[in-house]
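The residues making up each chain are set out below.
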Amino acid sequence: MQILFCKWEEVSLRALLNRGARVHLVLDAFDLDHARPDPELLGRMAAVWRVSHFDSIDELSAVAADLLVSGVHIDRIASFTEFSQFGAGLLAELLGLDDTSPRLALHARDKRMMKIKAKAAGWRHARFAGVSRHDQRPDPATLAETVGFPMVAKPVNGMGSLSTTLVRDADGLEALLKQPAFAPELHSRQLVLEEHISGSEYHVDAVWRRGKPWQLHISRYLRPRIEAVDPGHDNGSLIVPREDDPELYAYVEDRHVALNAELGFDTGVTHLELFRTGSDEIYFSEIATRLAGANVPEAIGAYCGVNLREAWVHELCGGSPESLEYTGPPFRYVGWINLAPAGDGVISGMPSKEALAADPNILDWTFLHDVGDQVELAHPSVWCLLLVIGADTMEDFHAAVARIEREHPLSVAGIDTNGGS
């Protein structure tokens, strides 16, 4: 199996190689500058290309030409993050693959397009308005009337909570329109303003083949992402057991299949987010055709015995769903959290692996930073120490989260673990 993989993600790349795949890897400047690719693993790739970024049409076209001229037939293409989705769509088009396409990338990247497609598939969605044309100054009064306060401002092609802000009133809207803030990774300078939906926020993670889910799990964020403003506090999610809410699963699965058809997607991995109001109304929020971030794959693996990443790699390599061996959960409630210091700076202290292993509620961990690393907590998806946690009741799970945050703190030089200085 010949796989063209876009972006650096060590665990998935090792899993593909372990299954015998020949991996052709495309990296961008961010991967080389920040991800610290393992030279040994790079040496095991069938080929490695380096591009400035995945929005560079000429560089990616040259990659496609290299493959076509050399006679290499790529079977599947895999894109790890939102930042490589448009590039993967272009590569698929040039190589004659049907994993993705430029049109699918547009539908699953632009937050306006995905809402239009979601409505066609039977979902509710928040009111929204675009701020896009550089030759027109948007009228704040019209935007306020269309969307309402509070509203959420997002880049149309962002990811996670990057450059996402809550706008509470007319003064805040005026300030945003005068000087919108975009992270340097975002090449588009267009905004979408969305009605703020109050309630619980969920994410839905699934692996698909030809329109059918191999596995699909719904998780509830411990707090909505826009409210995750305290570093390392309630920054995670909890898997909802299917037997706890079969109606939610039925509702989501039915509309997810319909949405996939509208998007033009039928095979691969998805990460969808939704809101549920106090009156039990479900609102579509966003969808991405990439693997869930943080420790979601590991939490799902702890819960059912098959890591979401493993299922995705298995599908990419042509495996069958019947050969995946599922198990029961070690606890009824399993989820993940991110532990982070109280503020920006140089990490001066972290929990030891021995301390984590001795904790009865901690099932797994992933260190994304070490003592001595500089961290800047610009948004909630800056991962530091990711934990998988389990408990027998929902109350015990939330109590374990609070205890673990208290007993296993990360510290930064000059800031104590309670946020003081």
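Residues numbered from 1 in each chain as written. Predicted model: local features only at pLDDT ≥ 70, side-chain atom pairs only at ≥ 80, totals over all residues. Heavy atoms only, no water.

Let's talk about empty space enclosed by the protein
Leftover empty space is mapped by rolling, across the atoms, a probe with the size of a water molecule. The condition that has to hold: Both cavities and pockets are sets of points on a 1 Å grid over the protein atoms alone; in a cavity a 1.4 Å probe fits but cannot get out, in a pocket the set is open with protein on both sides within 12 Å along at least five of seven lines, and lining residues sit with an atom within 4 Å of a point. Grid points are joined across faces, edges and corners, and a volume is the space filled by probe spheres set on the points. Secondary structure elements follow DSSP: runs of H or I of four or more residues count as helices, runs of E of two or more count as strands, with numbering from the N terminus. Residues are grouped as follows: nonpolar covers Ala, Val, Leu, Ile, Met, Phe, Trp, Tyr, Cys and Pro; charged covers Asp, Glu, Lys and Arg; every other residue, Gly included, is treated as polar.
Applying the stated criterion across every chain, the model contains one cavity of 30 Å³ or more. Quantified by volume, the largest cavity comes out at close to 210 Å³. Elements represented by at least two residues in the lining of the largest cavity include exactly strand S4 (76-79), helix H5 (85-95), helix H6 (102-109), strand S13 (268-276) and helix H12 (308-316). At four residues, the largest contribution of residues to the lining of the largest cavity is made by S4. Considered class by class, the residues forming the lining of the largest cavity number ten nonpolar, six polar and two charged.

A word on the packing of helix H4 (residues 57-70) against H5
Going by this rule: The axes are straight lines fitted to the C-alpha atoms, using for helices just the contacting stretch, and the angles between their N-to-C directions are given from 0 to 180°. Crossing handedness: left-handed means the near helix sits turned counterclockwise from the far one by under a right angle, and right-handed means the same turn made clockwise. Whether two residues touch is decided by their heavy atoms; if any such pair falls within 4.5 Å, the residues are in contact.
Here H4 crosses H5 at 35°, and the two axes come no closer than 10 Å. With respect to the hand of their crossing, H4 and H5 are arranged in right-handed fashion. Between H4 and H5, the contacting residues are Ile 57, Leu 60, Ser 61, Val 63, Ala 64, Leu 67 and Leu 68 on the first element and Gly 87, Leu 90, Leu 91, Leu 94 and Leu 95 on the second. Here the contact of H4 with H5 is built from residues that sort into ten nonpolar, two polar and no charged.

Some details on the packing of helix H1 (residues 10-18) against H12
How we decide: Each angle gets one of four labels, with under 35 degrees taken as roughly parallel, over 145 as roughly antiparallel, 65 to 115 as roughly perpendicular, and the rest as oblique.
For the pair H1 and H12, the least separation of the axes is 10 Å and the interaxial angle reads 45°. In terms of axis orientation, H1 runs oblique to H12. The handedness of the crossing between H1 and H12 is right-handed. Every residue of H12 that contacts H1 at Val 11, Ser 12, Ala 15 and Leu 16 is listed here: Arg 309, Trp 312, Val 313 and Leu 316. Residue classes in the contact of H1 with H12 are distributed as six nonpolar, one polar and one charged.

Here we look at the pairing of strand S2 (residues 22-28)
Spelled out, the test is: Only protein chains enter the accessibility calculation, which uses a 1.4 Å probe; a residue whose area is less than 20% of its type maximum is buried, one above 50% is exposed, and one in between is partly exposed. At least two DSSP bridges between two strands are needed for those strands to be called paired.
Counting buried positions along S2 yields six of seven residues, so the element is predominantly enclosed. In this structure, strand S1 (residues 2-6) lies alongside S2, joined through five bridges in parallel fashion. When the bridges of S2 are listed, Gln 2 appears paired with Arg 22. Where S2 meets strand S3 (residues 47-51), five bridges bridge the pair, whose relative direction is parallel. Bridge pairing in S3 links Leu 27 to Arg 50.

Observations regarding the environment of His 271
Formally: Each polar contact in these results corresponds to two N or O atoms within 3.5 Å; when the atoms are within protein, one needs to be able to donate a hydrogen and the other to accept it, and residues that are neighboring in sequence are counted only if both atoms are side-chain atoms.
Topologically, His 271 is positioned in strand S13. Under the relative-accessibility criterion, His 271 is labelled buried at 8%. Considering only alpha carbons, one finds His 271 and Ala 391, 120 residues apart in sequence, at a separation of 25 Å. Aside from chain neighbours lying at most four places away, what touches His 271 is His 203, Val 204, Asp 205, Tyr 221, Glu 286, Ile 287, Ala 288, Arg 290 and Ala 292. A distance of 2.6 Å separates a polar atom in the side chain of His 271 from a polar atom in the side chain of Asp 205.

Observations concerning the side chain of Glu 195
Along the chain, Glu 195 falls in strand S9 (residues 191-195). Glu 195 has contacts with Ala 126, Arg 127, Val 147 and Pro 150, leaving out every residue within four places of it along the chain.

As for the sheet that holds S1
Here four strands make up an open sheet; going across it, the order is S3-S2-S1-S4 and the pairing parallel. Every other strand in the sheet has two partners, leaving S3 and S4 as the edge strands with one partner each. Between one strand and the next, the sheet's axes are offset by a mean angle of 15°, whatever the strand orientation. Running over the sheet, H4 touches S1, S2 and S3 and is turned about 160° from S3.

Overview of H12
Of all nine residues making up H12, eight are buried, and the element is well covered by its neighbours. Residues of H12 that are buried include every one of Leu 308, Arg 309, Ala 311, Trp 312, Val 313, His 314, Glu 315 and Leu 316, and no others. Measuring from the backbone nitrogen of Arg 309 back to the side-chain oxygen at the start of H12 gives 2.7 Å, which picks out Asn 307 as the cap.

Some points on the pairing of strand S14 (residues 282-288)
In terms of burial, S14 is largely enclosed, as seven of its seven residues are buried. In the sheet, strand S5 (residues 124-125) pairs with S14 via two bridges, with the strands oriented parallel. Paired with Arg 124 across the strands is Tyr 283, a residue of S14. The loop that links S13 with its antiparallel partner S14 comprises five residues; one of these, Asp 280, has a positive phi angle of about 70°.

Observations concerning the nonpolar core
Put simply, the rule is: Here, nonpolar core refers to any group of buried Ala, Val, Leu, Ile, Met, Phe, Trp, Tyr and Cys residues whose side-chain atoms link them within 4.5 Å.
One finds Phe 5, Leu 13, Leu 16, Val 23, Leu 25 and Trp 312 to be the most contacted residues of the largest nonpolar core, which totals 40 residues. Mapped onto this core, the elements with two or more residues apiece are S1, H1, S2, helix H3 (39-42), helix H11 (296-304), H12, strand S15 (333-339) and strand S19 (385-391). In this view, Leu 13 contacts Phe 5, Trp 8, Val 23, Leu 25, Leu 41 and Met 45; residues no more than four positions away in its chain are not counted.

A look at the packing of aromatic side chains
Operational definition: For Phe, Tyr and Trp, rings pair up if their centres lie within 6.5 Å, where Trp contributes its six-membered ring, and each pair is then called stacked (planes under 30 degrees apart), edge-to-face (over 60) or tilted (otherwise).
Within this structure, the stated rule accounts for four aromatic pairs. Between Trp 123 and Tyr 251, the aromatic rings sit 6.2 Å apart at their centres with planes inclined by 85°, giving edge-to-face as the arrangement. Here Trp 123, found in the loop between helix H7 (111-120) and S5, pairs with Tyr 251, found in helix H10 (residues 246-263); they are 128 residues apart in sequence, far enough to count as distant. On the basis of relative accessibility, which here comes to 4%, the residue Trp 123 falls in the buried class. Taking the centre distance of 5.5 Å and the plane angle of 85° together, the rings of Trp 336 and Trp 383 count as edge-to-face.

As for the pattern of salt bridges
Heads up, the condition is: Any Lys or Arg side-chain nitrogen found within 4 Å of a carboxyl oxygen on Asp or Glu counts as a salt bridge.
Inspection of the entire model under this criterion finds 28 salt bridges. A salt bridge links Asp 244 to Arg 332; the nearest nitrogen and oxygen atoms lie 2.4 Å apart. Here Arg 332 lies in the loop between H12 and S15 and Asp 244 lies in the loop between strand S12 (236-239) and H10, a separation of 88 residues in the sequence. Exposure remark for Arg 332: the relative accessible area of 35% places this residue in the partly exposed category. Three or more residues are tied together by salt bridges with common partners; here these are Lys 111, Lys 115, Lys 154, Glu 194 and Glu 286.

Scope: geometric values only; no functional claims are made or implied.
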